Amino acid sequence: MIAYLSGVVREIREHSAVIVAGGVGYEVQCPSSTLGKLTAGETAELNTRFVVREDAQLLFGFHDADSVRIFDLLTSVSGVGPKLALALLSAMPVSALAAGVLGGDVKLLSSVSGVGKKTAERLVLELQGKVPEHLAAPAAGAGGVKAARVTTTAGRDAVDALLVLGFREAQVRATVAELLAAEPDLNADQLIRRSLGRLR
């Protein structure tokens, strides 16, 4: 098991990064939240999971321990592979994902590309008693799972505009909610501009 990787970021791709460690370049599949923290030419330290399959050997990397914990829990659910777990982690912050599972928010989970209603229901059923409540703590301060929902007029306008541009609903709502949690007075234009900088 490769549990940790430290090296220089050689290249950042759409869903992965190439990190050079000990003269070897490792391609590491990462959620968007982790890729957003990497800079080419700088040193990166990632918690990793090494997945061996018949047709491939894949290395997944995360910038924090909470992401690894959620990844492990997600992949423990039947029918949820590492790629789908990565899609869930890319679509929303760990706190929103954890709160969605704990709150039984099937609609939020199934809004992620590749996650059908049955898979979302299975995630809730199998993980509700396993996801630590502290992982949803950042969202809980704003009302638990509802933290991934937007209640201000500016926020709703920003979400509508971003959805028209083709971004995924779960990712858009989580991003706008996160921005509003940090700066509640942002107007719709500011929210759209800042969200575009985070969305991939």
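Look up: the structure comes first, before these words.
What comes next concerns the included structure.

How each quantity is defined
- Residues numbered from 1 in each chain as written.
- Predicted model: local features only at pLDDT ≥ 70, side-chain atom pairs only at ≥ 80, totals over all residues.
- Heavy atoms only, no water.
- Phe/Tyr/Trp six-rings, centres within 6.5 Å; stacked < 30°, edge-to-face > 60°.
- Helix = DSSP H or I, 4+ residues; strand = E, 2+ residues; numbered from the N terminus.
- Buried < 20%, exposed > 50% of the residue type's maximum accessible area, 1.4 Å probe, protein only.
- Contact = heavy atoms within 4.5 Å.
- Salt bridge = Lys/Arg side-chain N within 4 Å of Asp/Glu carboxyl O.
- Pairing = 2+ DSSP bridges.
- Axes fitted to C-alpha atoms, helices over the stretch in contact; angles between N-to-C directions.

1. A few points about the packing of aromatic side chains
Counted under the stated rule, the structure contains two aromatic pairs. Taking the centre distance of 5.4 Å and the plane angle of 35° together, the rings of Phe60 and Phe71 count as tilted. Residue Phe60 is located in strand E5 (residues 57–62), and its partner Phe71 is located in helix H2 (residues 65–75); the two are separated by eleven residues in the primary sequence. Taken individually, Phe60 and Phe71 each receive the classification buried, so the pair is uniform in this respect. Both rings, one in Phe62 and one in Phe71, keep their centres 4.9 Å apart while their planes meet at 50°; by these two values the pair is tilted. Exposure remark for Phe62: the relative accessible area of 0% places this residue in the buried category. Of the residues examined, Phe71 reaches a relative accessible area of 2% and is grouped as buried. Connected via pairs of aromatic rings, a cluster forms that spans Phe60, Phe62 and Phe71.

2. With respect to the side chain of Gln29
Among the structural elements, Gln29 can be located in strand E3 (residues 24–29). The exposure class assigned to Gln29 is buried, which follows from its relative accessible area of 14%. In contact with Gln29, not counting residues within four places along its chain, are His15, Ser16, Leu59, Phe60, Gly61, Lys83 and Leu86.

3. Considerations on the pattern of salt bridges
Any two side chains of opposite charge can pair if their charged atoms end up close together. Counting across every chain of the model gives five salt bridges. Measuring nitrogen to oxygen at the nearest pair gives 3.3 Å for the salt bridge that ties Arg13 to Glu27. Taken together, the residues span a long stretch of sequence, with Arg13 in the loop between strand E1 (4–12) and strand E2 (16–21) and Glu27 in strand E3 at a distance of 14 residues. Taking relative accessible area as the criterion, Arg13 reaches 35% and is therefore assigned partly exposed. Among the charged side chains, a salt-bridge network with shared partners connects Glu11, Arg13 and Glu27.

4. Structural notes on the sheet that holds E2
If you walk around this closed barrel you meet the five strands as E1-E2-E3-E5-E4, and the pairing is mixed. Here the average twist between neighbouring strands, direction ignored, is 55°. In this sheet, E2 lies alongside E1 in antiparallel orientation, the contact comprising four bridges. The residue of E2 that forms the bridge with Val9 is Ile19. Across the sheet, H2 is in contact with strand E4 (43–52) and E5; its angle to E4 comes to roughly 10°.

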